[in-house]
Amino acid sequence: MSRPLLEVKDLRVSFAGKEVVRGIDFSMAPGEKLALVGESGSGKTVTALSLLRLVQDASISGQAFFEARGGSAGEPADLLSLPERALRGIRGRDIAMIFQEPMTALNPLFTVGDQIAEVLQLKEGLAQSASVQQAIKLLASTGIPEPERRANSFPHQLSGGQRQRAMIAMALACRPRLLLADEPTTALDVTLRGQILALLGDLQRQNGMAVLLITHDLNLVRRFADRVAVMENGHIVEQGAVAEVFARPQHPYTQKLMDSKPVRDVVEAGNAAIPSLPLMRASQLRVAYPTAIPGVKGWFKSGEFVAVRNASFSIPPGRTLGIVGESGSGKSTLALASLGLLKFSGQLQAAGQSWSRQAAGNKAIRKVVQVVFQDPFSSLSPRMTVEALVEEGLRVHEPLLGLEERRRRVEQALADVGMGERQFPGLLRRYPHEFSGGQRQRLAIARVLIINPGLLVLDEPTSALDVTIQKQVLGLLQRLQRERGLSYLLITHDMDVIRAMAHEVMVMKDGEIVESGSVFDVLDAPSHAYTQTLVAQS
Amino acid sequence: MITSPASVPAPSISPSKRAWQRFRRNRLGYGSLLIFCLLVVLSLFAEVLSNDKPLVVSYQGQLYFPLAKDYSEKTFNGDFDTPADYLDPFIQSKLTQDGNWAVYPPNPYGPRTINYFAKAPNPSAPSGDNLFGTDDRGRDLLAQLIYGFRLSVLFGLALTVIGVLMGVVAGAIQGYAGGKTDLVGQRFIEIWGSMPELYLLIIFSAVFAPSVALLLLLLSLFGWMGLSDYVRAEFLRNRQMDYVRAAKALGVSNLQIMWRHILPNSLTPVVTFLPFRMSAAILALTSLDFLGLGVPPGTPSLGELLSQGKANIDAWWISLSTFAVLVITLLLLTFMGDALRDALDPRKADR
């Protein structure tokens with residue numbers, strides 16, 4: 001085997017005395033695809049950034065030998081001790097990086113073409129016109145349609161997938177020997193992920209470059225990488241060939257990760273008697289947002305953007321209706337409408353009543369229909385204690401409850417989601433910022449459980465969580481459904497979650513329901529072309 | 001199933017408590033707060049510190065408390081039935097004879113006391129009698145500064161509190177309601193804000209008898225707008241947050257959502273601006289007094305002293321000491337404001 005392209009020895013990174021990367025070693029051969037896997041906070045992104053010394057206010061120690069192109073007599077240089085000038089020569093030319101969120105990684109004030117051309121001018125010394133030509137060629141190679149026109153577009157004029165392609169074109173402008181890809185597909189829709197990954201694979205083969213893929217998504221690793229290194233708490237706990245590690249994970253953490261695919265554990269619809277009345281029934285639901293019309297006309301009236309049209313569904317007690325679709329398909333709008341938080345037209349009944357203008361009527365429905373949002377960091381007010389957060393529903397719906405009884409109910413609700421005084425001393429007086437994402441999501445669930453709702457609207461309840469935590473939260477939701485006969489309106493883009501949770505599925509695209517039916521029918525024999533791509537990607 | 005307990009740190013502090021701890025670690029800001037509070041508390045006891053009446057008088061075996069009660073000159077065997085002038089050498093000699101005694105405040109002059117028995121012409125330079133000298137009417141400067149400082153600070157505090165209350169309410173309503181309410185409110189603020197404040201003050205001071213209350217009212221009418229914009233922006237941002245949606249879905253009433261959920265999360269700009277608003281209020285009062293549009297004549301005020309200093313440029317002790325008091329007050333407030341801003345800035349590392 002030839003000399004490694006990159007050899008990292010005992011890399012340590014710490015912020016203000018707190019060590020996040022605690023002595024890791026790995027090496028990469030030229031043209032190799034290594035995946036760095038771990039949960040958020042495991043130090044994987046910091047590892048990549050510290051190779052280029054792009055982390056601020058951190059102290060980095062260790063060595064990272066990298067064989068730069070045309071370096072001094074082929075002697076590998078230590079990236080971590082190289083002078084800043086020399087390192088600047090390596091950045092972009094020998095090692096390039098693509099980031100998770102292309103919207104923030106591209107400068108909004110310059111056209112995409114200019115940004116790529118700038119790299120070429122700086123690194124390859126190309127002239128203005130030559131660099132623009134080359135930029136267009138690069139854009140074309142990433143499969144962006146009409147590359148000449150797109151080169152003159154600003155980042156906000158491109159779609160998410162096109163932006164990521166432009167980022168890739170920029171990173172590959174100088175044919176780097178090593179590409180650091182930090183969660184390159186996480187911000188993209190499921191259907192785009194496969195395309196971007198395939199593109200990366202093609203370009204990798206053409207250029208013979210090595211790729212360090214940083215991700216939390218095991219599906220990506222399986223499909224893309226040659227070797228995998230698993231990170232936990234700043235340590236690499238296991239590394240090896242992908243097939244090997246996936247087949248026989250050695251370390252308990254790796255086993256836990258491999259085992260984190262959500263398991264279906266729900267009461268099947270099967271031949272049980274059709275439950276009585278549906279908890280929620282919608283027919284011909286339509287939601288539209290006003291949009292501004294340009295010109296003088298816009299002074300007097302506004303246009304409208306129809307986010308959801310012709311949506312009809314019903315949810316019986318104890319069942320889960322899953323709604324799948326990519327971002328912008330209207331699934332979150334549908335959720336907000338079913339909560340009565342948006343104006344809609346059409347029929348929507350919950351608990352036998354329709355949303356009305358009378359607050360009293362709404363209160364009766366609100367007691368039945370509750371919501372858990374995607375981001376547990378923004379769905380709990382940061383300045384309220386756990387007790388104030390959880391008891392809020394009781395204050396509204398059972399205002400006559402005594403203090404003692406209210407506290408008892410709060411503790412009960414917290415116990416129901418697996419949080420108690422025993423694990424968290426002084427739990428009731430704590431503030432949300434002290435809890436991790438999964439714990440916060442439990443708090444959010446306890447907050448709605450306390451008023452004994454019948455239907456929970458779950459808006460991407462686990463997509464902000466790590467895979468192992470996701471499995472726990474889904475398990476909790478399944479248990480609550482079994483024990484209490486709750487119904488769920490589950491909104492997600494993750495087919496694994498749907499497979500584990502849903503009884504019925506609706507697939508949404510561009511505001512319309514393109515396919516619906518029982519979960520097994522839809523996922524095993526998708527009839528609509530869009531559903532087929534969705535299923536194929538998962 | 002259950003996450004490990006070790007992942008949560010033991011101590012539990014609220015965000016505002018954490019901000020307070022960060023504020024305390026800023027020594028300049030915290031020191032300024034302590035000094036400022038000390039000065040304010042001292043000035044609240046100005047009557048005891050600087051007064052032309054003795055605190056206690058023992059005259060012919062009887063105790064008198066001139067601070068609490070007016071005694072006529074006859075009480076001390078004077079000739080007239082007028083309130084006693086304790087600076088009169090005649091009365092003073094009576095109070096020191098035959099085992100009589102009197103305890104005077106550290107600075108034996110009130111804010112309006114005219115020292116008729118000064119040895120030098122007015123304004124007189126600092127001397128043993130008047131530590132900071134006298135102004136052009138023979139009033140003791142130190143007494144004027146103490147009472148003027150108290151008035152300025154209390155006025156600034158009152159103006160700030162009224163302005164904050166009005167600003168928060170106006171901003172909260174605009175930000176939370178949004179839409180047409182917001183539109184109308186914003187246009188109203190634009191119109192209201194373009195009124196010439198100074199001319200209105202001149203007109204009103206010509207129509208009504210000038211008083212501190214009137215001034216407070218007039219300045220409050222215009223003092224809430226800057227803050228309401230910040231609060232409005234915070235409310236506009238926070239009402240989109242998931243926790244507000246979640247509360248709405250829970251059926252919490254709008255007032256409750258504003259009060260319990262959005263307001264505590266929108267107070268950062270309000271708190272940050274408090275010291276700066278207060279120093280602005282003190283400055284406003286001072287400049288109006290300087291122009292003669294402020295408090296009624298005879299009230300001790302820093303602005304009036306400044307204009308005296310301008311009129312008597314050779315009496316350096318007037319302008320210099322007033323200037324020093326103003327600078328120190330405003331500097332302390334600014335240091336406090338800086339420290340508060342740092343303490344509440346989420347982007348600053350928690351060191």
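Residues numbered from 1 in each chain as written. Chains lettered and ligands numbered in written order. Predicted model: local features only at pLDDT ≥ 70, side-chain atom pairs only at ≥ 80, totals over all residues.

**Student:** Describe the overall build of chain A, listing the residues and the values that go with them.
**Tutor:** A tally of helices and strands in chain A yields 21 helices and 20 strands. Since a compact globule built from 538 residues should have a radius of gyration of about 24 Å, the 26 Å found for chain A is in line with a globular shape. Overall, chain A is about 80 × 60 × 45 Å in size when its C-alpha atoms are taken along their principal axes. The 538 residues of chain A split such that 46% are buried. Summarising the internal contacts of chain A: among those between residues at least 6 apart in sequence, 67% fall at separations of at least 24. (Helix = DSSP H or I, 4+ residues; strand = E, 2+ residues; numbered from the N terminus. Rg over C-alpha atoms; globule rule 2.2 N^0.38 Å. Buried ≥ 20, exposed ≤ 12 C-beta atoms within 10 Å, placed from the backbone. Contact = placed C-beta atoms within 7 Å.)

**Student:** Help me get a handle on the overall build of chain B, residues and values and all.
**Tutor:** Scanning chain B for helices and strands turns up 14 helices and 3 strands. Taken over C-alpha atoms, the radius of gyration comes to 27 Å for chain B, far larger than the 20 Å a tight globule of 351 residues would show. Taken along its principal axes, the extent of the C-alpha atoms in chain B is 90 × 55 × 35 Å. Counting the 351 residues in chain B, one finds 37% classified as buried. Restricting the contact set of chain B to residue pairs at least 6 apart, pairs at least 24 apart contribute 65%.

**Student:** Could you give me a rundown of the sheet that holds strand E11 (residues 280-291) of chain A, with the residues and numbers involved?
**Tutor:** Pairing between the strands of a sheet is mediated by backbone hydrogen bonds and can be parallel or antiparallel. Residue and element names in this part refer to chain A. The 4 strands lie next to each other as E12-E11-E14-E15, forming an open sheet whose pairing is antiparallel. Each end of this open sheet is capped by a strand with a single partner; those strands are strand E12 (303-315) and strand E15 (353-354). Where E11 and E12 come together, 9 bridges link them in antiparallel fashion. The residue of E12 that forms the bridge with Arg-281 is Ser-314. (Pairing = 2+ DSSP bridges.)

**Student:** Could you give an account of the interface of chain A and chain B, naming the residues involved and the relevant values?
**Tutor:** Buried accessible area, meaning the area lost when the parts come together, often serves as the stated size of an interface. On the chain B side, the residues contacting the 32 residues of chain A number 24 residues. Counting only elements with at least two residues in the side of chain A that touches chain B, the list comes to helix H14 (359-366), strand E16 (369-372), helix H15 (386-397), helix H17 (437-449) and helix H18 (467-484) of chain A. When residues in the side of chain A that touches chain B are grouped by element, the largest group, 4 residues, is from H15 of chain A. Each residue belonging to the side of chain A that touches chain B can be placed in one class, and the counts come to 10 nonpolar, 14 polar and 8 charged. (Nonpolar A, V, L, I, M, F, W, Y, C, P; charged D, E, K, R; others polar.)

**Student:** Which residues make up the sheet that holds strand E3 (residues 101-103) of chain B, and what values do they have?
**Tutor:** Residues and elements named next belong to chain B. Pairing within the open sheet is antiparallel, and its 3 strands lie in the order E2-E1-E3. At either margin of the open sheet sits one strand with a lone partner, and together these are strand E2 (62-64) and E3. When the angles between neighbouring strand axes are averaged without regard to direction, this sheet yields 15°. Alignment of strand E1 (residues 56-59) against E3, held across 3 bridges, turns out to be antiparallel. Residue pairing in the sheet places Val-56 in a bridge with Val-103 of E3. (Axes fitted to C-alpha atoms, helices over the stretch in contact; angles between N-to-C directions.)

**Student:** Residues and numbers for the nonpolar core, please.
**Tutor:** All names here are of chain A. Core analysis: the largest hydrophobic core is formed by 101 residues, its most contacted members being Val-371, Ala-446, Leu-456, Leu-489, Leu-490 and Met-501. Ignoring anything within four residues of it in the chain, the contact list for Leu-490 reads Thr-320, Leu-321, Gly-322, Ile-323, Leu-458, Met-501 and Ala-502. With 76 residues, the next largest nonpolar core counts Leu-36, Ile-136, Ile-144 and Ala-229 among its residues. (Core = buried A, V, L, I, M, F, W, Y, C linked by C-beta atoms within 7 Å.)

**Student:** Kindly report on helix H4 (residues 112-124) of chain A, identifying the contributing residues and their values.
**Tutor:** Its 13 residues place the ends of H4 of chain A 18 Å apart at the C-alpha level, agreeing with the 18 Å of an ideal helix rising 1.5 Å per residue. Just beyond H4 of chain A, the residue with positive phi is Gly-125 of chain A, at close to 65°. (Expected span 1.5 Å × (residues − 1).)

**Student:** Help me get a handle on the packing of H4 of chain A against helix H5 (residues 128-141) of chain A, residues and values and all.
**Tutor:** Residue and element names in this part refer to chain A. At a closest axis distance of 8 Å, the pairing of H4 and H5 adopts a crossing angle of 115°. Considering how the two elements wind past one another, H4 and H5 form a crossing that is right-handed. Across from Gly-113, Ile-116, Ala-117, Leu-120 and Gln-121 in H4, the residues of H5 making contact are Ser-131, Val-132, Gln-134, Ala-135, Ile-136 and Leu-138. Residues belonging to the contact of H4 with H5 are distributed by class as follows: 7 nonpolar, 4 polar and no charged. (Left-handed = near helix turned anticlockwise from the far one by under 90°.)

**Student:** Residues and numbers for the environment of Pro-296 of chain B, please.
**Tutor:** Residue and element names in this part refer to chain B. Structurally, the position occupied by Pro-296 is in the loop between helix H12 (268-291) and helix H13 (302-311). Sequence spacing of Pro-296 and Ser-205 is 91 residues, and the spatial spacing of their C-alpha atoms is 9.7 Å. Look past the residues within four positions of Pro-296 in its chain and what remains in contact with it is Pro-210 and Ser-211.

**Student:** Quick rundown of the pairing of E1 of chain B? Include the residues and the values.
**Tutor:** All names here are of chain B. Where E1 lies against E2, 3 bridges are found, and the strand directions are antiparallel. The partner of Ser-58 across the bridge, within E2, is Leu-63. Turn length for the E1-E2 hairpin, with the two strands adjacent in sequence and antiparallel, is 2 residues, and the turn residue Gln-60 shows positive phi of about 50°.

**Student:** Outline the pairing of E11 of chain A, listing residues and values.
**Tutor:** Look at any regular strand and the pattern is simple: side chains alternate between the two faces of the sheet. Here 5 bridges tie E11 of chain A to strand E14 (residues 345-350) of chain A, and the two strands are oriented antiparallel to one another. Within E14 of chain A, the residue paired with Arg-286 of chain A across the bridge is Ser-345 of chain A.

**Student:** Just give me the short version of the packing of helix H2 (residues 27-44) of chain B against helix H5 (residues 141-177) of chain B, but keep the residues and values in it.
**Tutor:** All names here are of chain B. Interhelical geometry of H2 versus H5 gives an angle of 115° and a closest axis separation of 9 Å. Taken as axis vectors, H2 and H5 run roughly perpendicular relative to one another. Taken as a pair, H2 and H5 cross one another with a handedness that is left-handed. The segment H2 lies against H5, with Val-40, Ser-43 and Leu-44 engaging Ile-146, Phe-149, Arg-150 and Val-153. Looking at the contact of H2 with H5 residue by residue, the classes come out as 5 nonpolar, 1 polar and 1 charged. (Parallel < 35°, antiparallel > 145°, perpendicular 65-115°, else oblique.)

**Student:** I'd like to hear about the confidence of the model for chain B, residue by residue, with values.
**Tutor:** Residues and elements named next belong to chain B. For chain B, mean pLDDT is 85; residues scoring 70 or higher make up 95% of the total. Confidence, expressed as mean pLDDT per element, reaches its minimum in chain B at helix H4 (residues 89-96) with 82 and its maximum at H2 with 94. Counted against residues more than four places away or in other chains, residues 1-10, with its pLDDT under 50, gives 14 contacts. (pLDDT = per-residue confidence, 0-100.)

**Student:** Which residues make up the environment of Pro-176 of chain A, and what values do they have?
**Tutor:** Residue and element names in this part refer to chain A. Note on placement: Pro-176 falls in the loop between helix H7 (160-171) and strand E7 (178-182). Classification of Pro-176 as buried rests on a count of 23 C-beta atoms within 10 Å. Considering only alpha carbons, one finds Pro-176 and Gly-161, 15 residues apart in sequence, at a separation of 22 Å. Residues in contact with Pro-176, not counting those within four places in the same chain, are Arg-93, Asp-94, Ile-95, Ala-96, Ala-171 and Met-209.

**Student:** Which residues make up H18 of chain A, and what values do they have?
**Tutor:** All names here are of chain A. With 18 residues, H18 extends 26 Å between its outermost C-alpha atoms, agreeing within 8% with the 26 Å of an ideal straight helix rising 1.5 Å per residue. Three or more residues of H18 are buried, namely Val-467, Ile-469, Gln-470, Lys-471, Gln-472, Val-473, Leu-474, Leu-477, Gln-478 and Gln-481. Contacts from the buried residues of H18 go to helix H11 (252-258), H17, strand E18 (487-492) and helix H19 (495-501). Looking one or two places after H18, you find Gly-485, whose phi comes out positive at around 65°.

**Student:** An account of the environment of Gly-161 of chain A is requested, with residue identities and associated values reported.
**Tutor:** All names here are of chain A. Examined against the element boundaries, Gly-161 turns out to sit in helix H7. C-alpha of Gly-161 to C-alpha of Leu-79: the two residues are 82 residues apart in sequence and 32 Å apart in space. What Gly-161 contacts, discounting residues up to four positions off in sequence, is Leu-188, Leu-192, Gln-195 and Ile-196.

**Student:** How would you explain unusual backbone geometry if you had to name every residue and give the values?
**Tutor:** Residues and elements named next belong to chain A. For Ala-16, which is not glycine, the phi torsion reads 45° and is therefore positive. Within the secondary structure, Ala-16 is located in the loop between strand E1 (6-15) and strand E2 (18-28). With 10 C-beta atoms packed within 10 Å, Ala-16 lands in the exposed category. In this structure, Glu-146 is a non-glycine residue whose phi angle is positive, near 50°. Following the sequence through the fold, Glu-146 ends up in the loop between H5 and helix H6 (147-151).

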